[in-house]
Amino acid sequence: MGTLQQPFDARLMNATASVLFAACGVLLLAALGWWAVRHQLFAIGGITVTGDTAHNSVAMLRANVAPRLAGNFFTVDLQRTRAVFESVPWVRQAVVRRQFPNRLRVQLQEHVAVAFWGAEGESRLVNSFGEVFEANVGDVEHDDLPRLAGPDGQSAQVLAMYRALEPLFEPLDLSVEQLVVSGRGSWTLTLDTGAVIELGRGTTEEVHARSQRFVQTLTQVTSKYGRRPEALVSADLRHAGGYAVKLRGVSTTSAGK
């Protein structure tokens, strides 16, 4: 027995009804969306801040950021909100999420200053990731941070070199006060005593090896002249097979490996 087909008029009416139902559904959703966008229930009613807030109080963050936000729970631009938070001094990274029905939750990570960056007198800082940032130097907890300097974009490399060299001088009760790399890749180190050491060029491993040989023999060299390592005025490690040093009250001499 064959299948009975609906008359054309009936099929047309069913199709028309389906289209009308779909259109009504779309209009209803649009109306609900418009209501949600306009209703005060979904206006941003608060911002919850968690994470690092050592340099920026939660109240100050809210006061500075809230006036710069636009939209409600559904329409607020999270990327722009993140950028607004990250424009606040000391804020390195912000993660912004919506919290239904009308709040934002923000988790902050602040910069941890480990060094100054640039020439003497500049106020830029280097964080623990080797990134340069700007902030109020008066907010730095430690005023004995070293100063690093070099071409733009090389702050992470300079920080890595500093971290490799600083421990070498600790047994001598000396510390690295400044480390600079020139545009040609030559390294210069200044100790807390004011002594300037020319380290020369090379990879971190090569410069570290030269510096280690220097540190291991410096006490022996200075003791020959009745001096201690802190009597060092300058040193040049760029000599093949040795180095040249200048001590307070003693003329320059050379030491082999």
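Residues numbered from 1 in each chain as written. Predicted model: local features only at pLDDT ≥ 70, side-chain atom pairs only at ≥ 80, totals over all residues. Heavy atoms only, no water.

Considering the environment of Gln107
Point 1. Along the chain, Gln107 falls in strand E3 (residues 103-110).
Point 2. When the C-alpha atoms of Gln107 and Val95 are compared, they prove to be 5.2 Å apart, with 12 residues separating the residues in sequence.
Point 3. Those residues in contact with Gln107, other than ones at most four positions away along the chain, are Thr50, Gly51, Gln93, Ala94 and Val95. (Helix = DSSP H or I, 4+ residues; strand = E, 2+ residues; numbered from the N terminus. Contact = heavy atoms within 4.5 Å.)

Observations concerning the pairing of strand E5 (residues 124-127)
Each regular strand displays side chains that alternate between the two surfaces of the sheet.
Point 1. Here strand E4 (residues 113-117) runs beside E5; their pairing, made up of four bridges, is antiparallel. Within E5, the position partnered with Ala113 by the bridge is Asn127.
Point 2. Remark: six residues form the turn of the hairpin made by E4 and E5, two consecutive strands paired antiparallel; Gly118 in that turn has positive phi of roughly 100 degrees.
Point 3. Where E5 lies against strand E6 (residues 132-134), three bridges are found, and the strand directions are antiparallel. (Pairing = 2+ DSSP bridges.)

Re the packing of aromatic side chains
Point 1. Going through the model one piece at a time under the given rule, you end up with four aromatic pairs.
Point 2. When the ring of Trp90 is compared with that of Phe133, the centres are 5.3 Å apart and the planes differ by 65 degrees; the resulting orientation is edge-to-face. Of the two residues, Trp90 sits in the loop between helix H3 (78-86) and strand E2 (91-99) while Phe133 sits in strand E6, which places them 43 residues apart along the sequence.
Point 3. Residue classification places Trp90 among the buried positions, given a relative accessible area of 2%.
Point 4. Overall, the relative accessible area of 5% leaves Phe133 in the buried class.
Point 5. In textbook terms, an aromatic cluster arises when at least three aromatic residues are bridged by ring pairs, as seen for Phe73, Phe74 and Phe100.
Point 6. Sitting above the plane of the Phe129 ring, Arg92 keeps its charged end 3.8 Å from the centroid. (Phe/Tyr/Trp six-rings, centres within 6.5 Å; stacked < 30°, edge-to-face > 60°. Buried < 20%, exposed > 50% of the residue type's maximum accessible area, 1.4 Å probe, protein only. Lys NZ or Arg CZ within 6 Å of the ring centre and 35° of its normal.)

Points about the pattern of salt bridges
Point 1. Applying the stated criterion across every chain, the model contains six salt bridges.
Point 2. One salt bridge connects Glu86 with Arg82, and the closest N-O pair in it is separated by 3.0 Å. Separated by four residues within a single helix, Glu86 and Arg82 lie in helix H3, roughly one turn from each other.
Point 3. Here Arg124 and Glu122 are joined by a salt bridge, their closest N and O atoms 2.9 Å apart.
Point 4. Look at Arg124 and you get partly exposed, because its relative accessible area is 24%.
Point 5. By relative accessible area, which is 32% here, Glu122 ends up partly exposed. (Salt bridge = Lys/Arg side-chain N within 4 Å of Asp/Glu carboxyl O.)

Spatial relationships are all this shows, so hold off on functional conclusions.
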